[in-house]
Amino acid sequence: MTRKFAYVVYKITFPNGKIYIGKDIGRDGHTIRYFGSWNHTRVEADFTKEELQDFTIRREILFEGTDKVEVGLREMALIVEQGANDPERGYNTVPKFRSTKATT
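Computed from a prediction, not measured in an experiment: that's the story for all the values here.

(A) Layout of the pairing of strand β1 (residues 7-13). The buried fraction of β1 is high, at six of seven residues. Where β1 meets strand β3 (residues 58-65), seven bridges bridge the pair, whose relative direction is antiparallel. Paired with Y10 across the strands is I61, a residue of β3. Pairing of β1 with strand β2 (residues 19-24) involves six bridges; the strand directions are antiparallel. Note on β2: the bridge partner recorded for Y10 is G22.

(B) Here's a closer look at the pairing of β2. Among the six residues of β2, five are classified as buried, and the element is accordingly described as predominantly covered. The turn joining β1 and β2, which pair antiparallel and follow one another in sequence, is formed by five residues; a positive phi near 90 degrees is taken by G17.

(C) Quick look at the environment of Y34. Secondary-structure assignment places Y34 in the loop between β2 and α1 (40-45). By relative accessible area, Y34 is classed as partly exposed at 29%. Taking the C-alpha atoms as reference points, Y34 and I61, 27 residues apart in sequence, are found 12 Å from one another. The contact partners of Y34, leaving out residues within four places of it in the chain, are Y10, K23, D24 and R59.

(D) How the structure looks around the sheet that holds β3. Pairing is antiparallel across the open sheet formed by three strands, whose spatial order is β2-β1-β3. Strand pairing shows two members of the sheet lacking a second neighbour, β2 and β3, which therefore form its edges. Neighbour to neighbour, the strand axes of the sheet diverge by 20 degrees on average, direction disregarded. Taken strand by strand, helix α3 (residues 68-82) contacts β1, β2 and β3, and its axis lies near 175 degrees from that of β2.

(E) The arrangement of the environment of G29 in detail. Inspection of the secondary structure assignment puts G29 in the loop between β2 and α1. Put simply, G29 and E64 are 35 residues apart on the chain and 9.8 Å apart in space, counted from C-alpha to C-alpha. Setting aside residues no more than four positions away along its own chain, G29 makes contact with K4, F5, A6, Y7 and D24.

(F) Spatial organisation of the packing of aromatic side chains. Evaluation of the coordinates by the stated rule reveals six aromatic pairs. When the centroid spacing of 6.1 Å and the interplanar angle of 85 degrees are considered together, the rings of Y10 and Y34 count as edge-to-face. A residue pair is termed long-range when its members are at least 10 positions apart, and Y10 in strand β1 and Y34 in the loop between β2 and α1 qualify at 24 residues. Its relative accessible area of 0% is what places Y10 among the buried residues. Ring centres 6.4 Å apart and planes at 45 degrees place the aromatic pair F14 and F55 in the tilted group. On the criterion of sequence distance, the pair formed by F14 in the loop between β1 and β2 and F55 in the loop between α2 (49-53) and β3 is long-range, its members being 41 residues apart. On the basis of relative accessibility, which here comes to 2%, the residue F14 falls in the buried class.

Reading guide: rules and limits
Residues numbered from 1 in each chain as written. Predicted model: local features only at pLDDT ≥ 70, side-chain atom pairs only at ≥ 80, totals over all residues. Heavy atoms only, no water. Buried < 20%, exposed > 50% of the residue type's maximum accessible area, 1.4 Å probe, protein only. Helix = DSSP H or I, 4+ residues; strand = E, 2+ residues; numbered from the N terminus. Pairing = 2+ DSSP bridges. Contact = heavy atoms within 4.5 Å. Axes fitted to C-alpha atoms, helices over the stretch in contact; angles between N-to-C directions. Phe/Tyr/Trp six-rings, centres within 6.5 Å; stacked < 30°, edge-to-face > 60°.

Any link to function would need more than the numbers given here.
Given below as structure tokens:
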């Protein structure tokens, strides 16, 4: 049984329910130590100092592949599908969120 992952797309869920979707396409494949490049300042702004004292995040692997291009394309698709780029639902800033709500 191998425990080594190839390249992956992962989802991080924060205590407030917001998500961040990213990829790990490092030279040797995914490593358990990697938790992405999300904007720490943006995340911290959503929590009080007390909430940050006991802070648990969850990381799930959503997709694994051996081709970096395929993993990158899957990452972008999952960001949009799961709404991770909607500031109300997630912390991704790319691709830019475009609201589908009608304006009145």
